Amino acid sequence: MATSADAAVLVGLGSDHDLPVVTQAAQEASAHGRPLHLLHTFDWHAAFSADTVAAPRDHAEDLITRGAQLAHGIEPGLTVRGEIVEGGMLPILIRRSEAAFLLAVGDSGMAGSGKCIPSDTSAVQLAARAGCPLLVVRQEQPPPGPVLVGVDGSPSSTLALEWAFECAARRCTRLLALRVVEPDEDTDMVTDQLTEVVTRFSTRRTDVETECRVIRGDPGQVLVDVSRSAQVALVAARGDEPGRAMLGAVAQSMLYHSPAPVIVVRGLAEAPLTGPDAHPNRDQRP
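Under an unreviewed UniProt entry, the chain has the name Nucleotide-binding universal stress protein, UspA family and belongs to Micromonospora cremea.

Asker: How do you make sense of the overall build of the chain when you look at a structure like this?
Answerer: Secondary structure assignment for the chain yields nine helices and ten strands. Buried residues in the chain amount to 50% of all 286 residues. Once local pairs closer than 6 in sequence are excluded, the contacts in the chain between residues at least 24 apart make up 77%. Entry remark: accessible area of the chain is about 12800 Å², with carbon and sulfur atoms responsible for 51%.

Asker: Got a minute to help me understand a negative patch on the surface in this structure?
Answerer: A surface patch of negative charge is lined by Asp186, Asp188, Asp192 and Glu196. With respect to the helices and strands, the residue Asp186 is situated in the loop between β7 (175-181) and α7 (187-202).

Asker: Where do I start with the packing of helix α1 (residues 19-31) against helix α3 (residues 54-74) in this structure?
Answerer: Any two packed helices are characterised by the angle at which their axes cross and by the distance between the axes. In contact at an axis separation of 9 Å, α1 and α3 are set at 40° when each is read in the N-to-C sense. Judged by the angle between their axes, α1 and α3 are oblique. Relative to α3, α1 is oriented so that their crossing is right-handed. Residues Leu19, Val22, Thr23, Ala26 and Gln27 of α1 form the contact with α3, whose own contacting residues are Leu63, Arg66, Gly67, Leu70, Ala71 and Ile74. For the contact of α1 with α3, the per-class residue count stands at seven nonpolar, three polar and one charged.

Asker: Any chance you could explain the sheet that holds β7 here in plain terms?
Answerer: Whenever strands of a sheet pair, they do so through backbone hydrogen bonds, lying parallel or antiparallel. Taken in spatial order, the ten strands make up an open sheet running β3-β2-β1-β4-β5-β10-β9-β6-β7-β8, and their pairing is mixed. The sheet terminates laterally at β3 (80-86) and β8 (210-216), the two strands that pair on one side only. Taken pair by pair, the neighbouring strands of this sheet meet at an average axis angle of 20°, ignoring direction. Of the pairings in the sheet, the one linking strand β1 (residues 9-12) to strand β2 (residues 36-42) comprises four bridges and is parallel in character. Its bridge partner being in β2, Gly12 is matched across the sheet by Leu39. Contacting β7 and β8, α7 crosses the sheet at an angle of about 150° to β8.

Asker: What exactly am I supposed to notice about α3 here?
Answerer: For α3, built from 21 residues, the straight-helix expectation of 30 Å at 1.5 Å per residue is met to within 8% by its first-to-last C-alpha distance of 30 Å. Within the sequence span of α3, burial applies to Ala60, Leu63, Ile64, Gly67, Ala68 and Ala71. Projection of α3 onto a plane perpendicular to its axis shows the buried side chains occupying an angular sector of 125°, all on one side. Along α3, exposed side chains directed more than 90 degrees from the buried face belong to Gln69 and Gly73. Buried residues along α3 sit in contact with α1, β2 and β3.

Asker: Explanation requested: the side chain of His40 in the structure shown.
Answerer: Examined against the element boundaries, His40 turns out to sit in strand β2. Of the polar contacts made by the side chain of His40, one reaches the backbone oxygen of Leu13; its length is 2.7 Å. Those residues within four positions of His40 in sequence are excluded, and the remaining contacts are Leu13, Gly14, Ala60, Leu63, Ile64, Glu83, Ile84, Val85 and Met89.

Asker: Can you walk me through the side chain of Arg34 in this structure?
Answerer: Residue position: Arg34 is located in the loop between α1 and β2. Within polar-contact distance, the side chain of Arg34 engages the backbone oxygen of Ala7 at 3.3 Å.

Cut-offs used in this document
Residues numbered from 1 in each chain as written. Predicted model: local features only at pLDDT ≥ 70, side-chain atom pairs only at ≥ 80, totals over all residues. Heavy atoms only, no water. Helix = DSSP H or I, 4+ residues; strand = E, 2+ residues; numbered from the N terminus. Buried < 20%, exposed > 50% of the residue type's maximum accessible area, 1.4 Å probe, protein only. Contact = heavy atoms within 4.5 Å. Areas by Shrake-Rupley, 256 points an atom, 1.4 Å probe, with all protein chains shown as cover. Patch = residues over 30% accessible without salt bridge, like charges linked within 9 Å, V, L, I, M, F, W, Y side chains within 5 Å. Salt bridge = Lys/Arg side-chain N within 4 Å of Asp/Glu carboxyl O. Lys, Arg positive; Asp, Glu negative; His and termini not counted. Charge placed at Lys NZ, Arg CZ, Asp CG, Glu CD. Axes fitted to C-alpha atoms, helices over the stretch in contact; angles between N-to-C directions. Parallel < 35°, antiparallel > 145°, perpendicular 65-115°, else oblique. Left-handed = near helix turned anticlockwise from the far one by under 90°. Nonpolar A, V, L, I, M, F, W, Y, C, P; charged D, E, K, R; others polar. Pairing = 2+ DSSP bridges. Expected span 1.5 Å × (residues − 1). Arc of directions from axis to C-beta. Polar contact = N/O pair within 3.5 Å; in protein donor to acceptor, adjacent residues only side chain to side chain.

What follows is the structure, encoded as structure tokens:
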């Protein structure tokens, strides 16, 4: 999936509950030198069933206006575009994600709800089907902790690690790379492997302080537990194990249970991670 160098951070703005998404998406867009694109979908059938046809449209325009004002209040120099599109939010976001740098949405009430969230929830479907990385924003603000990334040795998790380095650099914070191992695995060997791959990227990003940690246990549960002190957690959409669905078990655990914002890294592009100051040797991004 190729995106242009000026591809935007795309926000699915469905209602007032999604305004916290705008806050974090604006910060991401500014940090990576990208424009912000606020998208709201409009249903004419619902409009005709309302008290007045104009009221739902007026509300949609007001929502976009308030979202743009909020974004400019956080990042005054940010380029913000707003758009109202007729149709369903999920299929439109999936289609638009093919040309986006990052897609940001709310978590559909998953984190901390203690409820069984259906797999057709928008955030879950987008994590499985979007054409670019997906940022899932929680209602609660995260702590000022590290950028956490789960690394399992697969190529897809290495791409997540690359993205995590950029996130940590843009946030001026440290990176915590976490590998979870089975009880019978050699932790010393795995630690050496993790350190080697992290070092490979740290030579490009010498401004990022890194920590490598290897822990025994269930990968999903360990990552959720560690994410409680992270400002954002990154995970690949799926590992490379045969028979996996489009969204792996670890990514699902993080989406459902992590209290931190989660970036599910998926999709490939030839465009650089950042704007004009991108690393000169980079020709792909996760």
